[in-house]
Structures are given as C-alpha cells and as structure tokens.
4 protein chains.
Amino acid sequence: MDFSIPEETQKLVAKVRAFVATHLIPLEPRLAEGFRALTPALNDARSEAKRQGLWAPQIAREQGGMGLDLLSHAMVSEELGRSPLGHYSMNCQAPDPGNMEILHLFGTPEQQAQWLRPLVLGEIRSCFAMTERERPGSNPTWLSTRAVRDGDSWVIDGDKWFCSSADGARFAIVMAVTDPEAPPHLRASQIIVPLETPGFELVRNISVMGDAGSGWMSHAEVALRGCRVPLENLLGGQGAGFAIAQERLGPGRIHHCMRWIGICERSFDLMCARAATREIAPGRALGTRQTVQTWIADSRASIDAARLMVLNAAWQMEKRGARAARIEISTIKYFVANVMQEVLDRALQTHGALGMTDDTVLASFYRHERAARIYDGADEVHKTVVAKRVLRAYGLEIK
Amino acid sequence: MDFSIPEETQKLVAKVRAFVATHLIPLEPRLAEGFRALTPALNDARSEAKRQGLWAPQIAREQGGMGLDLLSHAMVSEELGRSPLGHYSMNCQAPDPGNMEILHLFGTPEQQAQWLRPLVLGEIRSCFAMTERERPGSNPTWLSTRAVRDGDSWVIDGDKWFCSSADGARFAIVMAVTDPEAPPHLRASQIIVPLETPGFELVRNISVMGDAGSGWMSHAEVALRGCRVPLENLLGGQGAGFAIAQERLGPGRIHHCMRWIGICERSFDLMCARAATREIAPGRALGTRQTVQTWIADSRASIDAARLMVLNAAWQMEKRGARAARIEISTIKYFVANVMQEVLDRALQTHGALGMTDDTVLASFYRHERAARIYDGADEVHKTVVAKRVLRAYGLEIK
Amino acid sequence: MDFSIPEETQKLVAKVRAFVATHLIPLEPRLAEGFRALTPALNDARSEAKRQGLWAPQIAREQGGMGLDLLSHAMVSEELGRSPLGHYSMNCQAPDPGNMEILHLFGTPEQQAQWLRPLVLGEIRSCFAMTERERPGSNPTWLSTRAVRDGDSWVIDGDKWFCSSADGARFAIVMAVTDPEAPPHLRASQIIVPLETPGFELVRNISVMGDAGSGWMSHAEVALRGCRVPLENLLGGQGAGFAIAQERLGPGRIHHCMRWIGICERSFDLMCARAATREIAPGRALGTRQTVQTWIADSRASIDAARLMVLNAAWQMEKRGARAARIEISTIKYFVANVMQEVLDRALQTHGALGMTDDTVLASFYRHERAARIYDGADEVHKTVVAKRVLRAYGLEIK
Amino acid sequence: MDFSIPEETQKLVAKVRAFVATHLIPLEPRLAEGFRALTPALNDARSEAKRQGLWAPQIAREQGGMGLDLLSHAMVSEELGRSPLGHYSMNCQAPDPGNMEILHLFGTPEQQAQWLRPLVLGEIRSCFAMTERERPGSNPTWLSTRAVRDGDSWVIDGDKWFCSSADGARFAIVMAVTDPEAPPHLRASQIIVPLETPGFELVRNISVMGDAGSGWMSHAEVALRGCRVPLENLLGGQGAGFAIAQERLGPGRIHHCMRWIGICERSFDLMCARAATREIAPGRALGTRQTVQTWIADSRASIDAARLMVLNAAWQMEKRGARAARIEISTIKYFVANVMQEVLDRALQTHGALGMTDDTVLASFYRHERAARIYDGADEVHKTVVAKRVLRAYGLEIK
C-alpha cells in the first residue's frame, strides 16, 4: 500500500486551492444577492479558470477537459467543494458532468456534436429530469412519466421535480417510461428534450430551505404536456434508461463525496479559526474549552476517515471495476454524508449566533447540504443495499 | 403525584389547538411571501384570537391578559408552537412577553403607562438589545456598550445584534454598562430607548439561514451613536441590568421549551402522516419500514420525556421558587433543544426531497430552530452550570 | 398536575435508602465470593428488613406484604435498585414477584396455599421457564416445549433457558404448548412444576458475561423430559399461557425500570464522587474537566427524564388501565434501558482503570445490565410495537 | 496512491487466518476453564505456530522473529485479534512485545542476553509496572513510586497496578521516580526487576469485570517494599523513563488498533452469520429486519474506515516518522476504540440472550475490551492532544 499523493497531483491541488481562495471565496458574501447578480463575476472566474487550464477535469484532454484520472479528479473535487461556487467555476457543476458522461458514453455522434460539445465548452447548461414528486426516489423503476412513440416523434407527458439547474438550461435529459409492460428495470428510456420544446414547462423553481434560487443554483419543478421531440433524441437504446442512470451515478458518487469532504475541510478550518481567536473572557480563547477541543478532534478523525474511504472506493472502482466495488460505493454515500452533517453542526455551534447568519458560508452549507442524506439514494436505501449484499455471502438472499 | 391535566386546562388547550389549525396553519404556505404581505391576514387572526379571549396568556386578567398560571401557560405555549405564527397571534411572541414581564416587575407607573400598556394591547412591539457581536453571549457581564450620565440624560454608545423584532418596534430595552468599575454582575443597566431616538440606527436585518426577514420575524443589527434618552428611562435600579436579565429568563425558559415541544409534535404529526400515506412501492407505505418505525418510536419517547421535564420544572419553579429549581431550569434548555433537533431531522428525512422544500413547514423549522442550541445560553454553558452545581454537593467548588 | 411526593412515601423511601446503605452496600465487596458465601449475611439482612416492615412491597398487607400502590412501590424499587442485593433483601427479586402476582391472580386456593404463601414469606424461591434457545423471545407464541395430557397428568417435554434463579428454587412455572392447532395466542398454557419432579433437569447455570453464578443470582438451562405433573398444576385456563405472561409484564415493567433508575442514581453518585475527589494534577480535580461536566449534566437530565417517564406510566396504568397506557409502558422499556447504559458507560469511564475492576459495583452493573436492552422484549421489538400503534391513528394498519 | 496489498502479505495473512481458525478458535469455548487449564493446548498451538514460521512478527529475523514491516505486521495483528488467544499464540501478546522493543532499543548487551533473548524465544514472560492506583494514567509524569540509589543497588518502593500478565512473569520493567527534582519529563527511570526479588509482592490479580484471571490473562496489583536490584538493571539512561515509555507506545498503537479491528471483523462475522440463520418466525431470518441491516451496513462502513485510518497512520509513521504522524497516531486511538465498542454492541444485540452468554466469544470481548477507551491514554486525553496540536496551526498555544 502506498498513501502518498503524486507530486503532480499535489501541485494541481495546490493550484486549484489557490484559485478557489483567490477568485471564489471573495465572491461568497455576495451569494445572497442571487446568482443573476453574481453571473458577471462568475463568468470572469470561469474565464480565469479556463486560462489556467482548470476546466472540465473529468473530460478527456482531446475534448477540451483536463483528462484527470479518478483519484486526481477526486482530489480536485475536494478543493472545489470548499466553496459553493467551486464546481461551477470549472464547469463540473452537477448535473452537467453527469450529462456529459452519458452523452459521451451513449450519445450518437450527432447528439454529441449538438449537445455534448457546447456543454463541455461551457456555452450551454443542461439538466436531468428523473425524480417525480409522487414517486419515491428510492425506487427509480417506478415512474409515472410516459413517452409514447407517435410517428417519428416521442410524445412525453409527466411531472418532474428537483430538475436541478433547469432554469436557464438548454436541454433536459428526461427519464420516461417507454415500455410499461417490460420488466421493471427495462421500462424507462432517456430522451433529450430541448427546454424550448412546446409542452415543456418550468413550473417553478422550488423554494428549498427558504430559497427558490435561480439559474444553475435552483431546483425546478417541470411539467411535460404532449411534449414532442424527434425519435433520434433517444439516448442509448429504448428501455436503457435505468442502466444509463446507474452508469451516471458511479463516478459521480466519488465527486459528490469529495465535494462533501471539501465542505468538511472548509468548515473545520472556520471552526478552528474561530476557536483560536474568539475570546470567551478577556485573554481566554474559545479553543481552551474541552468541548470545543473534542469537536475538533472528533472532526479531524472522521474527516480523515471519510477521505480515505472515498479515495479507496475510487481506487477500487478504477482497478476492480464499479461492479466489484459496489459495497464501497454505497458505504461512502452514507458514511461521508453523515460526517459532513456532524462537522457542519459542530462548526456552526462553535460560531454561536454568528453561525446562524449568512456572514459565514456555514449557514448556507448547513441548510442546503442537509440534502446529502436524501439525494442519490437516501442513506437508508444504501444501507439496505449494503446489508443485502453482505448477507448474501452468509447464505441469506433477501429480495 | 398526579399527572392529570385539569379539565379547564384541557378545554383551553383544545381551543387553542383549534384556533391554530383553523386560522394559522392555512397561512403557513404564504410564509415565503414575507411578513409584510402576511400582515393583514395575521391582523385578522389576532383580532379573532382576542375575540375568543386568547390574548396575552402570561398577563394578569386585570391588565388585559388571560392570567394563566405557569403550567397552563406552558401547555398553551406548546399549542402555539405548532405554527411559526402561533405566539404572535396571541401577542406572546418573544421578545415582547419578556419585556412585558420586566416592565411589569421593575417599571415605574409612568413607564408602565407609556410602554407596557400598549404592548399588552398589541398596539406596539418592542425589542431587547443585549447581545453584542464581539462579546460572547455566554458571558453577559462582559459588554462593550456604554451608557454615560450627562445632565438629565443617558448617552448610549455601542453595537448590538440579534435584536429580534427590532424592525418596526416602538422601543428597545438596551443593556449597557453604566458602572464599569463595579463588580461584574453590577456593571450594566437596562434603559428604555425609543427607536426613533436620534443615534439609534437599525443597521440591517441580519440574513439568518438565507433569510433577512422583516417585521417581527427578523433579527436586527443595531448601532447606538450618542443616543440620548432621559434619565427616567432607566429600568429598575442602576447596575441592576444583569439581575433583571436573569429574571427575564426564568419563565421565558418554560415557554420557549414548550414552544419547542409544539414544534416537535407538529413535526411528529407530519412524519407519521407521511409514513402512513407515502407509498414506496405500489400498496406499500413508507411506515412499514422498520427504520421509520424506529424514528417514530424514539421520537414519541423523547418528546414525552421532554414535556414531562418542562412541566416538572414549571411546577418546581412555582412551588419551590426559581432559585431552588435552577438545575431543572438549566437541564430542560439543552435536553429539549436536542430532542427538537433530532425529531426535526427525522421528520425531514421521512419526507425525502419534499422535506427540503418549503412545501411543508419542516424546512423552516429545521433551519431557524437550529438556533435553539445557541440562544438563551449555549447548551455547553448550561451543562457546565449544572455540573458545577451538582459537584458542589460533593464538596467540589469550581469557580 | 402535581409533582409532589406524599410525605409518607418520602419517609418510606428514606427508610429504604438507609436500609440499603447500612445493610446491603457494605456486603457488595463480597459479591465476588459468590452467593452461597453471602447467604448467611443476606439472610440476616432479610430478617432485618422484615423486622423493619420492609417486605414484599407489592403484596397486600393482609397477605404479609406492604400493600404499596404502584407509585410508592416504584419509588421503593428505585432505592432497592441502588444495590444488586436490594430486591432480594425485601423479597421482591425477579422472578418471584411476577410469579406471586400470577399465582395471586390466577391460582386456585390450593395452588395459593401450596406455592404462593411460602413464596410471600420468603421460605421458598421460584423460577419461570418460558424462553427457549431455539425460538426468538420476541415471538412468545412460537414455542417448542409441549405439554400433553395423559390421564390425570400433564407430560412436558422441551428445553428452556434463562430460567433465572432456578438454582435452588422449589418450583418453576413452565410455559408449554398444549393446543398446537389453536390460534397462536391461545396455544400455550402455564403449568406449575416442582423442581424435584423426575424429568426436570437443571442442565447448567449458564455462564453469563463470564459468570455462571449460583442460587438466585443465576440463569439456568433446563431440560424437561417426560416431566409429569398432576392436571391441577395448570395455572389459569388451558391456552391462557400467553395472556397470563402478558399480565405478568405490566407492573413488572414499572419495577424493572425503577430498578434501572436506581442503578443510574447509584452510578451517578459514584461518578460525581469520583469527579470531585480524583486529582488529575496536584490540586486539580477531575471534575474541573468540561467533558466530565458534560457527562454529569447529560446524565442528570436523562435520569430525571427517565424517572418522570416511568412514574407517569405507572400513574397512567393505575388511572387509565394497562391497555390504555400501552404506549407509555413500551416507551419506558427502551428509553430507560438506554439511559442506564449511557450513564453506566460515563460513570465507568470517569473511573478510568478503576471502573474496569470489581473494586466498585460499576463493572458488575456494566456487564450484567447490558441485558436490559434484550429481555422483556428487545428494544427493537418495543419500538416496532409503539410505531404500529401510533401509525394506526394515521390510518395505517401494519400486521 | 495504491490501496493494493502485496501478494506476499496476502498469503501471510491467509496463513495466519487459517492458523487462528484451526488452532485457536476451537479452544475458545474452554476460555472459562481458566488459562492454567488451557496452557497445554496453548503450548501446542504455540509450537505449531513456531513450526509454521509464525512467531514474533515484530522481531527481526536474525533474532528469531518474522521481521515484518509495520504494515504487514499490522495486518497480521488484525488476524490474530480475531481470537483472544491470537497474540499469545505467536508470542506477541502485550506487554511482551513492548518490552522486547525497548530492551532491543535501549538494553545493554547483557540485558539483552539475559532478558530479551528468552523473551523472544517464548521461554519466559514479562510485565510492565507503570500505572499507579492513586495517580492518573493520563499524567505519566506524576508517579509515587521511588527508586533510590543505595551503594550499587536501586532500592524501589511503591505500589503499582494493572501490571498485565505479572502472574507467572520472570521480570517486570518498573517505572519509578529517580530524580524527583528534575523537570517532570526527566524524573522517572525504568528498571528491570526480577519477580523473585525480595520485596516485590504480587498482591493480587485484580478482579476485572468479574474475573481475576491468571497467568498472562490477568492484571496484577503489585507492592514494592525496599525492593533491591543492581544498578546495572537500569534500562536506558537515568531519567529516561518517560521517553522510553513514549517509544513503547508508538508501534504498539498500530498493533493494538489492528487487534481491535480483528475483534470488529470477528464480531461482524458472528453478527452476519446470526442474522442470516436465526429465524424470528418460521422461514423468516433475523437479517430481513431493517434495523439489523442498518447495523450491518453501519458496521461495514466504520470498520473499513477504521482499518484505512490505521494503515495510513502506520504508513505515515514509517515514511514520515512518529513525530510527524502524531495526529494520526492519536486519532486512531479513539476512533478505532469507539468503532469497536459500537460494533461489539450491535453484534451482541443481534444475538439476543445468547449474546449475554459465554457460548460465543462476544460477551468476553464486550466486557474486557471496554478498557480500550481507557488504557494507553483515555480517549478524552488523546482528543485534547489532537486539538491542541491542530489549534497551534491557527495561532493558539494551549499549555
């Protein structure tokens, strides 16, 4: 075993950290102005990132990205995670990278020319329409949205929500049932739907934790009513929707988890700085209190554990394949999400009243990242999956 | 011992619950519009409350309130706590009741005529300016704000924050050091400062968890610059500021804790309703999952425990006095705050993505009530206080 | 509501506490010698208890007990719980009081004369044989032991374990299936079996947490092989075994939980005494450390909560009946058991290496009371029961 | 980074696992007979281990050991940890390996010939006498035991306890103050004391969690009264006692933590096997319950995290030195100890009543391994150490 980080990766990580510190963290106090107001400054930051060669880390160099392997990309993702503006600045803000990936893997040359290329260049944005309000996200084979073949078109009807970043996106990849009589995992297909298509309505940006947001920092509710797109907008084969969605989750998990660890480290940093400087009595720092020391020590341990878990999962995935690493890929979901919530909670508490305010980034992390235990499969679902897989080795099959 | 609730109290509680259900909960979906927009509807609700004799429960009947004893008031407070609009609707929204209480106990007849009476009637609102950004709330004897006697005036200079409901209030009660050389607990005084006083500036409504709020649902940062008020605006004696502030906390603790329990019960209710109706597969409710069952069972137990703790503390306070009940009054602070946070977390998780949205009241509770572990003395401070008092009985004095 | 404790009860509690302190706690260092060696001293203590009128608190006065109501008995049980020797000293050590109760409720006059009377007087001991190694305790309707009618006898065959106190008992009450084709809850009956009956074999005292024990402080594995007793040894009706077992649990739950609270208070006492006196540096007590203070404060709060929960459950049971108080009776099981485990863990940790030794009573509590989360229905089972009952009110029936 | 395990190590680990499974686990049911009774069988196992080349993994090949590097040794230690008999069987049962290490590093050639050599060969055993009942283990510079130079002897007086494995040991390494006026860390020295020395009294094997044990599985209380040994029995320099003790802790931490992980894996294994085979209703396995699934999933995640933490700490220690890896070496202490306690608790609960008995190894682990959070520096002490070191980087020095 070798826990060393290659020098090249260390340099890259340092470069990204400097970029985030210099170009993004200073913008954070303006987060409350909304993303429209921030757009010019963010566009400058994106240009600067591109200029520094920091662009689309997950995309091959020949297609305009950095061509990083999974471990390096993971470490970059941690650095970007230190700011809510990180991933967008380097064009790897979800859901775009997931969409790039499946367009890359499953798209026709025409689809890639039309949708993938401008996405990689950052000229357009995209969204992903899978989740439905009336159907549990834990059961992605059970969907209401239907796509029916009509002549040379798909006609789609249904309601979706939590289409992140739909506001301002050029196209959506919509998951819809095309073969209702097929076995559950073969019922749905993925179809590319330009947002300008008649019948595609962005009903609202959902107010999430008090904030409807806008632009890429929003989560839309969407209605599809007789929404008609050409047959060639089908992505991958008919009935392949579920399989493609799974493919989308794999490496995405690694980046998500590393983003969470970036949030942990940023919060840890704020917690320690506060503990070291806040006086609770003249000449006596908050960090002299044993309870705060315990929070720091417990956070240090669990963040380190979380990072090792994710890097190991990435390594296992690259060396042994996603299939063989399924337990690792599931465990990091709930393990890291919970570490993040604990660390955030402690960092906030260490700040007292200030922690409740938007004068630091903690309150934003606290409320928005609560979603980590829910999306991408609720923790409870992943735990069940892991247990079933483990118990199979002991002779118990649970359907 | 007798755990029965008097029939009269049961009737009152049922009446308040019906009022909340009928007149307040339907307004909740409009919370996002901001409190200005809600004001007309809320004013109607307040009129209706008054009409039903539901007004100022903590105030004596002869002064226009309901004259409830502490236990009955506690149970009413739980019912009101089920909605973020509850306490305001019956004119017992913090910080007004605390201010009423100290004006009642320490105010001169003139002060009571000018400030207490219209406050009880709900004609004006008030705020309380104690906390300072640069000084720990855990150490209320260490303040920067100064009030200096100059002729027949107090001249006040300083910076305060988390002056809840200052926006639109008629007056503030300001805690300021008047005797910097006195022993710590005798340095500060409380002074009534009309908000229109020159030199009193409401700098901003602080953005808290993404929301600056307005009106009574806001927390102001305030600057006092040569702010001059008559000497007779001193409340209680000079140097009595800390003692009065303590007095303010006593019964307030009971009501706060019962409000939190109201939040728990509302959340529990939503959690159970969701568990009973949400399908995770056709014909299979979420509530059939053992993890959700465990959340329900653990929440039921801890809410019941919390309520008994608070009612017992209230009873001890009434029968044995606040001094004798100090351990009980401190333990409920952290015990109930943590029960609330756990129950909220489980209720939110049970709702999945919906829990993150403002389509239920849970997300609002989740982010705003995080403050419960911070204000009124951070949990960590109360725990230290309790332990020191306990250890004294074992012969250990900790300064 | 009234949280006061009647003066008479206070006096009784003080008397029991003094008895435990004077006559039992001094015997604890000899616990390791085994119960045979302790018997003479314990017999003296029992005589003294009887002399002081402290005997069989749960039994009516006219039958030789103290005739306490449930709340008073609960408080006595807490005091007795402070020592592992407490309940035995006053003849209310499980399983005897449960057996007394069902003999009292369901026994024939002959059964009462033969078995109940000497039990109440403390002349004999008894045991209860329900649990089977190969069947889950969580499912008391699923038993292997069979009793078959043969002429004027029951002939019993089966294997039982965790027959507490069988070693030295005069008789067992055995739960056996008599009607295998009846509906599950009507299959079993309870039969009185003298231990001297041929075919009743005490296979071993099970080694539990390193200690097989002996006498009443042991848990036996028992084999019944063609074990023949007269038909009149049936307790209650044929098929009533499950119903009687349920009856046995009700008030027993209260006493068990109060015993656990006694253990909590004793442990809390030891923790505080240690914190107040143990020096971690010259002149600096362990109790000055904030972590220890936090343990004390958290323990104080949760023990108080636990006690209020149990007393309320007892009150509800007396006033509204066991059926109406089923949620309360289940919640205290897991709530109190977990409070006890936490408090014990903290008390032990506060003692450092000493906590691991048998030089204090903590290590004995730590290992033996781990069973609290298992017996009388594992916590997980009770939580499911509570949740199902709660969800029924929301329209969800879970079978 | 490279998370692969060298093929050679994998083979070795498999060999050790097979050895433990074949030669040790079958002996476990006899643990209750006491170690005297087990000795012949254990001696056979030790001979077999030696025969297979599995002996003293931490010792250089030329001295009779396996000469493993830290990572390989760590993985072997995990395998041995699966049984309470593991480390003894390969002659690396604490405290012997620690004593071997310091004798190797600091012993004179004569000391090595007399004490180290037979220790490595397994011909004798040793113990370490540092902890004192009246002094906190958290403060190893504060000791009562004195060694005074008298002619060509050291004369030692004092009381020690938790001298593990003193019963039957040939010699003790005793930590005693030789220079009471020196700075705290230079006051003590380590002195080799044969147990046969007059004035060295083994007062008792302390009863720990109900079991005084004997032989190497015991913890002695020791009195030294005018105990006289030659000057040349001093180990390392005078005043070097603390520094040597620190040296002793470094790699020991890795092996201890890996032993704990072995305990975790064994417990996990038992938990899963039980879940897969125990029926809670006819045809329905315990493992179908979501709560048990959650325990399995949480345990899988945290054991994996713990192992990665320890292996990383070992790697950092080898590559960057113990000094640079101090945070890692401290964090694994409390992180792994707590993972172990949680996993054990879940495994025990999964077994129900069986988990309380000594019919599985769990109950023994449960009670004895509770010490993990206490010895080698209580968790609370390590957390403080980590926090202070972290906060130093933020400009706060805490003395």
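Residues numbered from 1 in each chain as written. Chains lettered and ligands numbered in written order. Predicted model: local features only at pLDDT ≥ 70, side-chain atom pairs only at ≥ 80, totals over all residues.

**Things to note about the overall build of chain A**
- Summing up its helical and strand segments, chain A has 12 helices and 11 strands in all.
- Relative to the 2.2 N^0.38 estimate, which gives 21 Å for 399 residues, the radius of gyration of chain A is 22 Å and therefore close to what a compact globule would have.
- Once the C-alpha set of chain A is aligned to its principal axes, its extents read approximately 80 × 60 × 40 Å.
- Across the 399 residues of chain A, 56% fall into the buried class.
- By sequence separation, contacts in chain A at least 24 residues apart represent 70% of the contacts at least 6 residues apart. (Helix = DSSP H or I, 4+ residues; strand = E, 2+ residues; numbered from the N terminus. Rg over C-alpha atoms; globule rule 2.2 N^0.38 Å. Buried ≥ 20, exposed ≤ 12 C-beta atoms within 10 Å, placed from the backbone. Contact = placed C-beta atoms within 7 Å.)

**Quick word on the interface of chain D and chain A**
- Of the residues lining the interface, 43 residues belong to chain D; the matching set on chain A comes to 43 residues.
- Listing elements by their share of the side of chain D that touches chain A, those giving two or more residues are α7 (241–277), α8 (290–320), α9 (326–351) and α12 (379–392) of chain D.
- The biggest single contributor to the side of chain D that touches chain A is α8 of chain D, with 16 residues.
- When the residues that make up the side of chain D that touches chain A are grouped by side-chain class, the tally is 27 nonpolar, 11 polar and five charged. (Nonpolar A, V, L, I, M, F, W, Y, C, P; charged D, E, K, R; others polar.)

**So, the interface of chain B and chain A**
- With 33 residues of chain B in contact, the opposing surface of chain A contributes 33 residues.
- Counting residues per element, the ones that place at least two in the side of chain B that touches chain A are β9 (279–281), α10 (353–356) and α11 (362–368) of chain B.

**Overview of α8 of chain D**
All names here are of chain D.
- In this model α8 runs 44 Å from its N-terminal to its C-terminal C-alpha over 31 residues, within 8% of the 45 Å that 1.5 Å per residue would give.
- Of all 31 residues making up α8, 26 are buried, and the element is well covered by its neighbours.
- One or two positions beyond α8, positive phi appears at glycine 321, with a value near 95°. (Expected span 1.5 Å × (residues − 1).)

**Focus on the nonpolar core**
- In terms of nonpolar packing, the biggest core is built from 520 residues, with Val310 of chain A, Val310 of chain B, Val310 of chain C together with Val310 of chain D touching the most fellow members.
- Leave out the neighbours within four places in its chain, and valine 310 of chain D touches Ala74, Ile254, Cys257, Met258, Ile261, Ile332 and Val336 of chain D. (Core = buried A, V, L, I, M, F, W, Y, C linked by C-beta atoms within 7 Å.)

**Examining the domain arrangement of chain A**
Residue and element names in this part refer to chain A.
- Domain annotation for chain A reports domain 1 (7–99), domain 2 (126–235) and domain 3 (243–392).
- Placing a centre on the C-alpha atoms of domain 2 and another on those of domain 3 gives a separation of 30 Å.
- Listed as interface residues are seven residues of domain 2 and, on the opposing side, seven residues of domain 3.
- Taken together, the residues of the side of domain 2 that touches domain 3 sort by class into five nonpolar, two polar and no charged. (Domains from an automatic or database assignment.)

**Quick word on the packing of helix α7 (residues 241–277) of chain C against helix α8 (residues 290–320) of chain C**
Residue and element names in this part refer to chain C.
- The geometry of α7 relative to α8 is characterised by a closest axis approach of 10 Å and an angle of 160° between their N-to-C directions. For the element pair α7 / α8, the angle class is roughly antiparallel. In the packing of α7 onto α8, the handedness of the crossing is left-handed. For the pair α7 and α8, contact is made by Gly250, Ile254, Cys257, Met258, Ile261, Cys264, Glu265, Phe268, Met271, Cys272 and Ala275 and by Val292, Trp295, Ile296, Ser299, Ile303, Ala306, Arg307, Val310, Ala313, Ala314 and Met317, respectively. (Axes fitted to C-alpha atoms, helices over the stretch in contact; angles between N-to-C directions. Parallel < 35°, antiparallel > 145°, perpendicular 65-115°, else oblique. Left-handed = near helix turned anticlockwise from the far one by under 90°.)

**Quick notes on the relation of the copies chain D and chain A**
- Note on the copies: chain D fits chain A at an RMSD of 0.0 Å, the axial shift is 0.0 Å, and the rotation between them is 180°. This pairing of chains is accounted for by a two-fold axis.
- The share of interface residues of chain D whose copies in chain A are also at the interface is 100%, consistent with both copies meeting through the same surface. (Least-squares fit on C-alpha atoms with pLDDT ≥ 70 in both.)

**A look at the environment of leucine 270 of chain D**
Residue and element names in this part refer to chain D.
- Structurally, the position occupied by leucine 270 is in helix α7.
- The spatial distance from the C-alpha of leucine 270 to the C-alpha of leucine 348 is 9.1 Å, given a sequence separation of 78 residues.
- Those residues in contact with leucine 270 that sit more than four places away from it in its chain are Ala347, Thr360 and Leu362.

**Details of the relation of the copies chain B and chain A**
- You can overlay chain B on chain A at an RMSD of 0.0 Å; the transform is a turn of 180° with a shift of 0.0 Å along its axis.
- The residues that chain B uses at the interface reappear at the interface of chain A in 100% of cases, marking a shared surface.

**Points about α12 of chain D**
Residues and elements named next belong to chain D.
- Between its terminal C-alpha atoms α12 stretches 20 Å, which fits the 20 Å expected from 14 residues at 1.5 Å a residue.
- Burial analysis of α12 places 10 of its 14 residues in the buried class, the great majority of the element.
- Of all the positions in α12, only Asp379, Glu380, Val381, His382, Lys383, Thr384, Val386, Ala387, Val390 and Leu391 are classed as buried.

**Topic: the environment of glutamate 181 of chain D**
- Mapped onto the elements, glutamate 181 of chain D comes out in the loop between β4 (171–177) and β5 (188–194).
- For glutamate 181 of chain D, a count of 7 C-beta atoms within 10 Å puts it in the exposed group.

**Quick word on the packing of α8 of chain C against helix α9 (residues 326–351) of chain C**
Residue and element names in this part refer to chain C.
- Viewed as axis vectors pointing N to C, α8 and α9 meet at an angle of 155°, and their least axial separation amounts to 9 Å. Classed by the angle they form, the pair α8 and α9 counts as roughly antiparallel. In this structure, α8 crosses over α9, and the sense of that crossing is left-handed. Contacts from Val292, Trp295, Ser299, Ser302, Ile303, Ala306, Met309, Val310, Asn312, Ala313, Gln316 and Met317 of α8 reach α9 at Glu328, Ile329, Thr331, Ile332, Phe335, Val336, Val339, Glu342, Val343, Arg346 and Thr350.

**Here we look at unusual backbone geometry**
- Between alanine 94 of chain C and proline 95 of chain C the backbone carries a cis peptide bond, its omega angle lying at 5°.
- Within the fold, proline 95 of chain C resides in the loop between α4 (86–89) and α5 (96–106).
- Even without a glycine there, the phi angle at alanine 56 of chain A is positive, about 50°.
- As for its placement among the helices and strands, alanine 56 of chain A is situated in the loop between α2 (35–51) and α3 (70–81).

**Structural notes on the pairing of β5 of chain D**
Residue and element names in this part refer to chain D.
- Burial analysis of β5 places six of its seven residues in the buried class, which makes it a mostly covered element.
- Direction of pairing for β4 relative to β5: antiparallel, over a ladder of seven bridges. For alanine 176, the partnering residue across the bridge sits in β5 and is serine 189.
- Pairing of β5 with strand β9 (residues 234–235), which is carried by two bridges, proceeds in the antiparallel orientation. Considered in β9, the bridge of glutamine 190 is made with leucine 235. (Pairing = 2+ DSSP bridges.)

**Considerations on the confidence of the model for chain A**
- Of the residues in chain A, 100% have a pLDDT of 70 or more, and the chain-wide mean is 95.
- Taken over the whole predicted complex, pTM reads 0.97, whereas the ipTM for its chain interfaces reads 0.97. (pLDDT = per-residue confidence, 0-100.)

**Focus: the environment of alanine 276 of chain B**
- Looking at where alanine 276 of chain B falls in the secondary structure, it is placed in helix α7 (residues 241–277).
- When the C-alpha atoms of alanine 276 of chain B and glycine 215 of chain B are compared, they prove to be 38 Å apart, with 61 residues separating the residues in sequence.
- Ignoring sequence-local partners within four residues, the contact set of alanine 276 of chain B consists of Ala285 and Gly287 of chain B together with Leu391, Tyr394, Gly395 and Leu396 of chain C.

**Things to note about the pairing of strand β8 (residues 217–230) of chain A**
All names here are of chain A.
- The sheet contact formed by strand β3 (residues 153–164) and β8 spans nine bridges and is antiparallel. The residue of β8 that forms the bridge with tryptophan 154 is valine 229.
- Two elements, strand β6 (residues 200–205) and β8, share five bridges in a ladder whose sense is antiparallel. Within β8, the position partnered with phenylalanine 200 by the bridge is leucine 224.
- Bridge count between strand β7 (residues 213–214) and β8: two bridges; the pairing is antiparallel. The partner of glycine 213 across the bridge, within β8, is serine 218.

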